[in-house]
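This is what each chain is made of:
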Amino acid sequence: MAKIIQAVRGMHDILPEQSRLFRHLDSTARAVLGAYGYEEMRLPLVESTELFARTIGAATDIVEKEMYTFADRNGDSLSLRPEGTAGCVRAGIENGLLHNQMQRLWYAGAMFRHERPQKGRYRQFHQIGVETFGMVGPDIDAELIFLTQRLWAGLGLQDVRLQINSLGSPVARAAYREQLVSYLAAHQAQLDEDSRRRLHTNPLRVLDSKNPDTQTVIANAPCLLDVLDEESRAHFDTLRAMLDAAGVAYEVNPRLVRGLDYYTKTVFEWITDRLGAQGTVCAGGRYDGLVEQLGGRATPAAGFALGVERVVALLEEAAVVPAEPGPDFYLVAVGEQAERMGVVWAEQLRTAAPEARVIGHCGGGSFKSQLKRADKSGASFALIVGDEEVDKGNVGVKPLRAEMPQQTWAWRELLTQLAGARGDEVSRRLAAQ
Ligand code: HAM
C-alpha cells in the first residue's frame with residue numbers, strides 16, 4: 001500500500017460537521033459587521049517579509065521565530081501572513097484608502113505562525129480582523145468593543161470577559177520602558193530565562209510572563225498606567241466612561257501589553273476561562289503610528305482580530321448548534337430507465353424551483369438502501385422514481401419527517417406546483433396538498 005501522507009503539524013482539516021460552526025460564526029460576524037457599516041477587504045496570504053518586520057516588530061516572537069519565510073524564485077524574501085493588520089495597512093496606503101478618509105474595514109482568512117501547537121494554538125489558524133482608519137477619539141475604540149460584545153451575544157456566547165489597558169504615547173512608553181528595565185535588571189536573578197532575554201529586546205513583554213517567580217517580580221513592577229501622558233490618560237478615561245455608560249463590564253489590566261509592537265493608547269482582549277491556556281479569543285487596540293511608519297500620511301487607526309478556531313471551540317463547548325435545514329428532496333431512482341431519467345428530473349426540479357435543495361441519488365442500489373440514504377440525508381421528502389413511473393410520467397412523493405401518506409404526482413404538475421417557491425416554501429407547498 002502506498003504511504004499515507006498526513007497534514008502538516010499544527011494545520012488542520014475542517015470537516016463538514018465543524019465547518020457548520022465556522023459558517024455560523026462567519027455569517028453572524030458578517031451580519032454584525034454589516035450592521036455597523038464595515039466593508040470587507042480580501043488581502044493576499046503572502047507579503048514581503050519586510051512588511052511584518054517593520055510593523056509587528058523585529059524583536060517580537062512572531063517575527064523572531066514564528067514566521068513562514070521563504071525566498072521565491074526571484075530571490076525575494078516573502079512570508080505567509082502571521083496576522084492581517086500589516087497587510088491591511090499596506091493595502092490601504094497602496095490603494096489610497098486612508099489619507100483624509102474614514103474607513104471601517106474587515107477581512108477574514110488563514111494566518112500562519114510556527115508556534116508550538118497545542119489546544120487552541122495552531123500553525124495555520126483563521127482570524128476575522130477589523131481595522132478602522134481616520135478616527136482619533138475613544139468613540140471608535142468603544143464602538144469596536146460594542147461590536148465584539150454584540151457578536152458574542154449573536155453567537156449565544158456568555159463566558160467571555162473584557163480586559164482593557166492603555167499603552168500610552170510612544171514617548172510615555174519609552175520613558176516607562178527605561179523605568180521598567182532598571183527595575184527588572186535589579187531583580188534579574190528571579191527572572192526566567194526568556195524574560196532575561198526579553199529584558200533587553202522587548203521588556204514590556206516580560207509583564208506577560210507566566211513563570212511564577214517572574215510574576216512575583218512583576219507584581220511590584222512600576223505600572224504604565226501610573227505614568228501615562230495626559231492625552232492618553234484623558235483618552236482612556238473617556239473610553240471607560242463610554243463603556244460604563246453603555247453598561248459594558250470590563251476589568252482594567254495594567255499588565256496587558258500585547259505581543260505586537262504597533263499598539264498605542266487603548267489595548268483590549270476578550271478572554272475566556274473555558275479553553276485552558278489559550279483563552280484569548282479576541283484582541284486588538286489602537287495603532288496610531290503604524291500608517292506613517294509604513295510611509296503613509298499620519299492616520300489614526302484601531303482594530304482587533306478574533307481567533308476563529310478559539311471562538312468555534314467556545315461554540316462547541318457551549319453546545320451551540322446552528323439551525324441548518326436539511327435538503328428538501330432526495331430523489332430515489334430504481335431501475336435502468338429511472339436511473340437515467342432521475343438525474344435529469346432532479347435537474348428539472350432545480351430549474352423550476354432554484355431555491356429548493358435537491359439531492360439526486362447517484363450510484364444505483366436497491367430501493368431500500370436508497371430510501372435509507374434519503375432518510376439519513378435529513379431530507380423532508382423522498383421523490384421516488386421507478387421505471388414504471390418514468391413510463392407514466394409520474395413520481396412518488398414520500399414525506400420523511402411528517403406523518404403523511406405517500407402521494408403520486410404527475411411530474412409536470414409537481415414542477416408547476418413548486419415553480420418559483422422561496423426556500424422556506426418548498427416543502428410547505430407539498431405538505432399543504
Ligand atoms: P493577535 O493577538 O496576535 O493580534 O491575534 C489575535 C487573535 O488571534 C488571538 O487573540 C487569538 O484568538 C488568535 N490567534 C493568534 N495566534 C493563534 C494561533 N497560533 N492559533 C490559534 N489562534 C490564534 C493580531 O493578530 C492583531 N493583528 C489584531 C489586531 C487587529 N490589532 C489591531 N487590529
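Above this text you will find the structure in question.
Residues numbered from 1 in each chain as written. Predicted model: local features only at pLDDT ≥ 70, side-chain atom pairs only at ≥ 80, totals over all residues. Heavy atoms only, no water.

A.B. asks: Quick rundown of the pairing of strand E4 (residues 77-80)? Include the residues and the values.
C.D. replies: Both faces of the sheet carry side chains from a regular strand, because those side chains alternate between them. Bridge analysis of strand E2 (residues 46-48) against E4 gives three bridges, and the strand direction is antiparallel. Across the sheet, residue Val46 finds its bridge partner in E4, namely Leu80. Alignment of strand E3 (residues 69-71) against E4, held across three bridges, turns out to be antiparallel. For Ala71, the partnering residue across the bridge sits in E4 and is Ser77. (Pairing = 2+ DSSP bridges. Helix = DSSP H or I, 4+ residues; strand = E, 2+ residues; numbered from the N terminus.)

A.B. asks: Lay out the packing of aromatic side chains with the relevant residues and their values.
C.D. replies: Applying the stated criterion across every chain, the model contains seven aromatic pairs. Grouped by ring-pair contacts, the aromatic residues Phe133, Tyr262, Tyr263 and Tyr287 constitute a single cluster. (Phe/Tyr/Trp six-rings, centres within 6.5 Å; stacked < 30°, edge-to-face > 60°.)

A.B. asks: Break down the site of the ligand for me, with residues and values.
C.D. replies: Lining the immediate surroundings of the ligand are 25 residues, of which Glu83, Thr85, Glu115, Glu131 and Tyr263 lie closest. Between a nitrogen atom of the ligand and a side-chain N or O atom of Tyr262, the distance comes to 3.0 Å. In the environment of the ligand, an oxygen atom lies 3.4 Å from a nitrogen or oxygen atom belonging to the backbone of Gly307. Protein chains shield 96% of the accessible area of the ligand, which is 660 Å² for the free molecule. The dominant element in the shell around the ligand, judged by the number of residues it contributes, is strand E10 (residues 280-286), at five residues. Taken together, the residues that form the shell around the ligand break down as eleven nonpolar, seven polar and seven charged. (Near = heavy atom within 4 Å. Polar contact = N/O pair within 3.5 Å; in protein donor to acceptor, adjacent residues only side chain to side chain. Areas by Shrake-Rupley, 256 points an atom, 1.4 Å probe, with all protein chains shown as cover. Nonpolar A, V, L, I, M, F, W, Y, C, P; charged D, E, K, R; others polar.)

A.B. asks: Please provide a residue-by-residue account of the state of the cysteines, values included.
C.D. replies: Overall, the coordinates contain zero disulfides when judged by the stated rule. Between Cys88, a free cysteine, and Cys282, which holds the nearest cysteine sulfur, the sulfur-to-sulfur gap is 15 Å. For Cys88, a relative accessible area of 0% corresponds to the buried category. (Disulfide = S-S within 2.5 Å. Buried < 20%, exposed > 50% of the residue type's maximum accessible area, 1.4 Å probe, protein only.)

A.B. asks: A description of the sheet that holds E3 should follow, citing residues and the corresponding values.
C.D. replies: Overall, antiparallel pairing links the three strands, which are arranged E2-E4-E3 in an open sheet. The open sheet has two edge strands, E2 and E3, and neither has a second partner. Ignoring strand direction, the axes of neighbouring strands in this sheet form an average angle of 35°. (Axes fitted to C-alpha atoms, helices over the stretch in contact; angles between N-to-C directions.)

A.B. asks: Can you break down helix H1 (residues 16-35) residue by residue, with the values?
C.D. replies: Taking 1.5 Å of rise per residue, 20 residues should cover 28 Å, and H1 covers 28 Å from first to last C-alpha, within 8% of that figure. Among the residues making up H1, those that are buried are Leu21, Phe22, His24, Leu25, Thr28, Ala29, Val32 and Leu33. In a view along the axis of H1, the buried residues occupy a sector of 150°, so they form one face of it. Looking at H1, the residues exposed on the side facing more than 90 degrees away from the buried face are Pro16 and Ala35. (Expected span 1.5 Å × (residues − 1). Arc of directions from axis to C-beta.)

A.B. asks: I'd like to hear about the layout of surface pockets, residue by residue, with values.
C.D. replies: The computed volume of the second largest pocket comes to approximately 420 Å³. Elements with a minimum of two residues in the lining of the second largest pocket: helix H2 (49-55), helix H6 (170-186) and helix H10 (290-293). Element by element, the count of residues in the lining of the second largest pocket is highest for H6, at four residues. When the residues that make up the lining of the second largest pocket are grouped by side-chain class, the tally is eleven nonpolar, seven polar and six charged. (1 Å grid on protein atoms, 1.4 Å probe; cavity = no way out; pocket = protein on both sides within 12 Å on 5 of 7 lines; lining within 4 Å. Points joined across faces, edges and corners; volume = space filled by probe spheres on them.)

A.B. asks: Quick one: what's the story with the packing of helix H12 (residues 336-352) against helix H15 (residues 411-418), residue by residue and with numbers?
C.D. replies: Relative placement of two packed helices is described by the angle separating their axes and the distance separating the axes. Between H12 and H15, the shortest axis-to-axis distance is 9 Å and the interhelical angle comes to 30°. When the axes of H12 and H15 are compared, the pair comes out roughly parallel. Where H12 crosses over H15, the handedness of that crossing is right-handed. Where H12 abuts H15, its residues Trp345, Gln348, Leu349 and Ala352 lie against Trp411, Arg412, Leu415 and Leu418. Looking at the contact of H12 with H15 residue by residue, the class counts come to six nonpolar, one polar and one charged. (Parallel < 35°, antiparallel > 145°, perpendicular 65-115°, else oblique. Left-handed = near helix turned anticlockwise from the far one by under 90°. Contact = heavy atoms within 4.5 Å.)

Bear in mind that shape data such as this cannot, by itself, settle questions of function.
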